[in-house]
Amino acid sequence: MVRSPYVEVAGREGVLGIGKKYKELYILYRCIPLNETRDGRDWSLFTRMKLEPDYDVVVCGAGPAGIVAAVQAARAGARTLLVEKSGILGGTTTLAGVNFPGLFHAWGRQIIAGIGWELVERTAHEEGRPLPDFANYNGFHSRMQVLVNKAIYAGLADEMVHDSGASVLFHAMPAKVERDGEGWSLTLCLKEGLREVSAHVLIDATGDANLVHLAGLPLSRGESKQPGTLIMHAAGYVFEDLDFAVLEQAFVAAVENGEMLRSDFYAKTNPVRGFLRAKGNNAMHVIGVDGETSQSRTDAELQARRAMLRIIRFLRKQPGLEKFHIESFATECGIRETAGIYGETCITLEDYVTGRVWPDSVCHSFYPIDLHSCDGIGIDIRPLEEGVFPTIPLGALLPRDSRNLIVAGRSACGERMAQSAYRVQASCMAMGQAAGAVAALAAGQGCELREVSLSDLRELLSRHGAIVPETSHLTDEISAEVETSILRTVEV
Ligand SMILES: Cc1cc2nc3c(=O)[nH]c(=O)nc-3n(C[C@H](O)[C@H](O)[C@H](O)COP(=O)(O)OP(=O)(O)OC[C@H]3O[C@@H](n4cnc5c(N)ncnc54)[C@H](O)[C@@H]3O)c2cc1C
């Protein structure tokens, strides 16, 4: 039997015995093809996605960087595949519940726009949530972040990727990466087994440089890592009624007797108060974790949930907190730091805090230096000086000695302190747009990423709404020097 492309609801009317209203609904539904909803989109190509044998651009990882990279590459005309290990777009924003991306504005003006901002602004608009007053920056960065509703954000991300023409493949991970002429052969691990696809350019937006590692290139790993955090939403108490002197004392005793870990509440002073005031949202640390491998990631998830259980058991015993409970918690433990690439350019702390502009700067970044202590207690936060607008060079996204492979997001090359700032979501989105644009240009021109002219890249980015740092004040000689040194590295 050939299935009608229209929603089949015939017969229900009789069964449910619903009157006129249902009849009207029925007529409405009959007009909508099965795969086409009233938003006018034909989701069939997206939802019944067929994996093609080859693509211009394959992006692995669909966090802030990967979504934007895929949308940009596809909007620029590249046949693009976005591969994601989980079942949702958004990465840390949705999976780890960090649904407060920032910062798109610095010192009262917008410095990151384009596709990432489009997604964030559309989410706020659809939810009806007013945007912060960006003109009124007083150095308090968290007020400049945009709280996004995760449900709307994830749905809109699906729509934007769909509308761009990119294909998305969930529940898949790269298993093997091999050079194939100018491009790449990528073996993907799917639920049904291994499948090979080829691509002219690979974009590594895994946040952990997983593709770069699979391609056999070295990664930089610090001796210690910033802690992770399990985002929770706690309820069942009246904050104002709590006796914090008693609670803080109970916590000290619980840490001493091994019932709690000091890092379970991360504030340096008044840790219980800090956790309860934040209602558990981004207020605990999981120390000694990494997220680069499946094994270390497993360890992080288990440690995070053990901490959550400790917190519940401890707090429920305290006066005023008998009804304390966790209403919701993130699917994954949020990971701040894993491995970075050795790039053509390394962003130093000095570069970041002085707002260095490189000849190949492709986007801005803006955030205080924000290093969470490895022991899990407190954060080293250093606001930038007024008027500083840091930038990200293309060279920080290009792994040394690689061809047609680029990273976007938190694994870009930089010193640890600089990374602690440019790892934030708006910066990752801006890097994603630059990576998607240069990948589309390289694929379209059949050349290597480093052969793409910077002016073509800047023009494409600007056409797609991105804000590209002003570099005209840098001399032509410096630009030429940078271009030749990049090409020289590739020839090695
Ligand atoms: C607790 C916490 C609080 C934070 N607070 C803020 C904040 O206030 N504001 C802010 O802007 N930023 C904040 N950040 C930082 C920010 O969220 C991340 O650094 C940022 O999301 C990194 O983006 P990304 O795209 O590089 O990687 P991710 O967001 O990590 O996305 C990577 C994606 O790739 C997928 N993936 C990973 N490996 C593979 C693979 N091998 N194959 C296929 N898919 C893969 C993952 O599932 C994920 O979807 C915070 C981070 C944490 C953990």
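Computed from a predicted model, the values in this text were never measured in an experiment.

**Student:** With reference to specific residues and values, describe the site of the ligand.
**Tutor:** Close to the ligand lie 35 residues; Glu84, Thr92, Asn210, Arg423 and Gln425 are nearest. Here an oxygen atom of the ligand and a backbone polar atom of Ala65 are 3.0 Å apart. Burial of the ligand by the protein amounts to 96% of the accessible area it has alone, namely 1,000 Å². Looking at the shell around the ligand, the elements that each hand over two or more residues are helix H4 (64-75), strand E6 (173-180) and helix H13 (425-445). Residues that form the shell around the ligand fall into these classes: 16 nonpolar, 14 polar and five charged.

**Student:** Which residues make up empty space enclosed by the protein, and what are the values?
**Tutor:** Take a probe with the size of a water molecule and roll it over the atoms, and the empty space left behind shows itself. Tallied over the full model, the rule gives four cavities of 30 Å³ or more. Lining the second largest cavity, in full, are Ile111, Ile112, Ala113, Val362, Cys363, His364, Ala430, Gln433, Leu461, Ala466 and Ile467. Elements with a contribution of two residues or more to the lining of the second largest cavity: strand E13 (361-364) and H13. With three residues, the single largest contributor to the lining of the second largest cavity is E13.

**Student:** Describe the packing of aromatic side chains, with residues and values.
**Tutor:** Counted by the stated rule, this structure contains nine aromatic pairs. Between Phe251 and Phe265 the ring centres are 4.9 Å apart and the planes differ by 50 degrees, which places this aromatic pair in the tilted class. Separated by 14 residues along the polypeptide, Phe251 in helix H8 (residues 244-256) and Phe265 in the loop between H8 and helix H9 (271-277) bring together distant segments of the chain. Residue Phe251 shares its accessibility class with Phe265, and that shared class is buried. Members of the aromatic cluster, connected to one another through ring pairs, are Phe251, Phe265, Phe275 and Phe314. One residue, Arg273, lies across the ring of Phe244, its end atom 5.0 Å from the ring centre.

Procedures and definitions
Residues numbered from 1 in each chain as written. Predicted model: local features only at pLDDT ≥ 70, side-chain atom pairs only at ≥ 80, totals over all residues. Heavy atoms only, no water. Near = heavy atom within 4 Å. Polar contact = N/O pair within 3.5 Å; in protein donor to acceptor, adjacent residues only side chain to side chain. Areas by Shrake-Rupley, 256 points an atom, 1.4 Å probe, with all protein chains shown as cover. Helix = DSSP H or I, 4+ residues; strand = E, 2+ residues; numbered from the N terminus. Nonpolar A, V, L, I, M, F, W, Y, C, P; charged D, E, K, R; others polar. 1 Å grid on protein atoms, 1.4 Å probe; cavity = no way out; pocket = protein on both sides within 12 Å on 5 of 7 lines; lining within 4 Å. Points joined across faces, edges and corners; volume = space filled by probe spheres on them. Phe/Tyr/Trp six-rings, centres within 6.5 Å; stacked < 30°, edge-to-face > 60°. Buried < 20%, exposed > 50% of the residue type's maximum accessible area, 1.4 Å probe, protein only. Lys NZ or Arg CZ within 6 Å of the ring centre and 35° of its normal.

In short, shape yes, function no, at least from these values alone.
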